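Each chain is listed here by its residues.
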Protein chains: 2
Amino acid sequence: MKYSKQRQKILEIINNSYNHPTAYMVYEEVKKDIPDISLGTVYRNLNSLVENNMIKKISLETDRYDKNTDHCHLYCIKCNKIIDIGLLNIDTMIMDNYNFKVLNSDVVLKGICSECRERKD
Amino acid sequence: MKYSKQRQKILEIINNSYNHPTAYMVYEEVKKDIPDISLGTVYRNLNSLVENNMIKKISLETDRYDKNTDHCHLYCIKCNKIIDIGLLNIDTMIMDNYNFKVLNSDVVLKGICSECRERKD
DNA sequence: ATAGAAGTAGTAATGATTACTACTTTGAGG
DNA sequence: CCTCAAAGTAGTAATCATTACTACTTCTAT
């Protein structure tokens, strides 16, 4: 991977983010510094950062990205909140039971969070 | 939900399937019986069957469908095999630790299966 | 029987992502 | 320092799964 200010900036944005941004959200953020960056460039760089294990892709309706590569997520289908959780040794359980190496690249558990369940609507 | 032969046939196909078909695969199969069925009809009915918890959607690159609604899947990113596994009490673990109701509508753990790991290519 | 709610076929639209093309930048070896 | 091929980029077109829309048809409760 060669240096490029575009990829540098994209990585920096992910590393400073706490909102699990989509590719488009990253695109809009980079444009503040590099106004004529291309959306394709953002997608290409996000992909290569994921391949190099520097960031993590979260597969929801629209893919989202996370600087932390060592945990998975709870996604509330009511309020769209994304909750970070530890791996809970899911991978170890699967390996022991199924001899299958889980990469956990995008484990997302969808459901309803405690606040939304209390609200009951 | 009103009766329709299209939905009836679609459900029958899922119930007789063992290959986790995509919407398009279902479409091609229904066409053998109902040649002028519309792809949109297949999508619409698959969605309502999922909503009524009669089948399950598996979210991969392209969505796939399963007659069993009570387990999750291992997906080998090398050979594209889909392995059915029990729920392993993941939902209970998450509820105990995070007070989050997992619906498990599409838990898919991606990784590399034992055969592919032995092959080492 | 019949009305109106639900379903359908067929096509157009959407929206995320990737492919393509011609141009630019980077960096390793002379 | 040059230099030049490999890697990267902008901008646009294309792809592909899925949904929306429209006018027509079929159920089913009364």
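Rules behind the numbers
- Residues numbered from 1 in each chain as written.
- Chains lettered and ligands numbered in written order.
- Predicted model: local features only at pLDDT ≥ 70, side-chain atom pairs only at ≥ 80, totals over all residues.
- Heavy atoms only, no water.
- Helix = DSSP H or I, 4+ residues; strand = E, 2+ residues; numbered from the N terminus.
- Buried < 20%, exposed > 50% of the residue type's maximum accessible area, 1.4 Å probe, protein only.
- Contact = heavy atoms within 4.5 Å.
- Areas by Shrake-Rupley, 256 points an atom, 1.4 Å probe, with all protein chains shown as cover.
- Near = heavy atom within 4 Å.
- Polar contact = N/O pair within 3.5 Å; in protein donor to acceptor, adjacent residues only side chain to side chain.
- Nonpolar A, V, L, I, M, F, W, Y, C, P; charged D, E, K, R; others polar.
- Phe/Tyr/Trp six-rings, centres within 6.5 Å; stacked < 30°, edge-to-face > 60°.
- Arc of directions from axis to C-beta.

Draft legend 1. Main features of the overall build of chain A. The helix and strand tally for chain A stands at five helices and six strands. For chain A, the α and β elements follow one another from N to C terminus as α-α-α-β-β-β-β-α-β-β-α. By residue count, 42% of the 121 residues in chain A fall in the buried class. Put simply, of all contacts in chain A between residues at least 6 apart along the chain, 50% involve residues at least 24 apart. Summed over all atoms, the accessible surface of chain A reaches about 6,700 Å², with 45% contributed by carbon and sulfur.

Draft legend 2. Expanded view of the environment of Tyr43(A). Residue and element names in this part refer to chain A. Within the element layout of this structure, tyrosine 43 appears in helix α3 (residues 39-51). For tyrosine 43, a relative accessible area of 42% gives the class partly exposed. Taking the C-alpha atoms as reference, tyrosine 43 lies 24 Å from leucine 74; in sequence the two are 31 residues apart.

Draft legend 3. Local environment of the protein's contact with DNA strand C. As a structural note, the neighbourhood of DNA strand C is formed by 18 residues, with Tyr43(A), Lys2(B), Ser4(B), Thr41(B) and Arg44(B) the closest of them. Among atoms of DNA strand C positioned within 4 Å of the protein, sugar and phosphate together represent 75%. Interatomic distance of 3.0 Å between a side-chain N/O atom of Arg7(B) and a phosphate oxygen of DNA strand C. Arg44(B) places a side-chain nitrogen or oxygen 2.8 Å from a phosphate oxygen of DNA strand C. Going through the elements one at a time, α3 of chain A together with α1 (5-15) and α3 (39-51) of chain B are the ones with two or more residues in the surface near DNA strand C. When its residues are assigned to classes, the surface near DNA strand C shows five nonpolar, seven polar and six charged.

Draft legend 4. Region of interest: the packing of aromatic side chains. Residues and elements named next belong to chain B. On inspection of all chains with the given rule, the structure shows two aromatic pairs over all chains. Residues tyrosine 24 and tyrosine 27 carry aromatic rings whose centres are separated by 5.5 Å and whose planes lie at 55° to one another, so their mutual orientation is tilted. In this pair, tyrosine 24 and tyrosine 27 are both assigned in helix α2 (residues 23-33), three residues apart and thus about one turn of the helix distant.

Draft legend 5. Focus on the protein's contact with DNA strand D. Residues in close proximity to DNA strand D total 18 residues, the closest being Lys2(A), Ser4(A), Thr41(A), Arg44(A) and Tyr43(B). Close to the protein, within 4 Å, the atoms of DNA strand D are drawn from sugar and phosphate at a rate of 76%. One of the side-chain N or O atoms of Thr41(A) is found 2.4 Å from a phosphate oxygen in DNA strand D. Take Lys2(B): an N or O atom from its side chain is 3.3 Å from a base oxygen of DNA strand D. Broken down by secondary-structure element, the contributors of at least two residues to the surface near DNA strand D are α1 (5-15) and α3 of chain A together with α3 of chain B. Looking at side-chain class alone, the surface near DNA strand D contains five nonpolar, seven polar and six charged residues.

Draft legend 6. Structural context of α2(B). Residue and element names in this part refer to chain B. Taken as a whole, α2 has its buried residues at Ala23, Val26, Tyr27 and Val30. Down the axis, α2 shows its buried residues gathered within 105° of arc, on one side only. Buried residues along α2 sit against α1, α3 and β2 (64-66).

These figures come from the coordinates and say nothing about function on their own.
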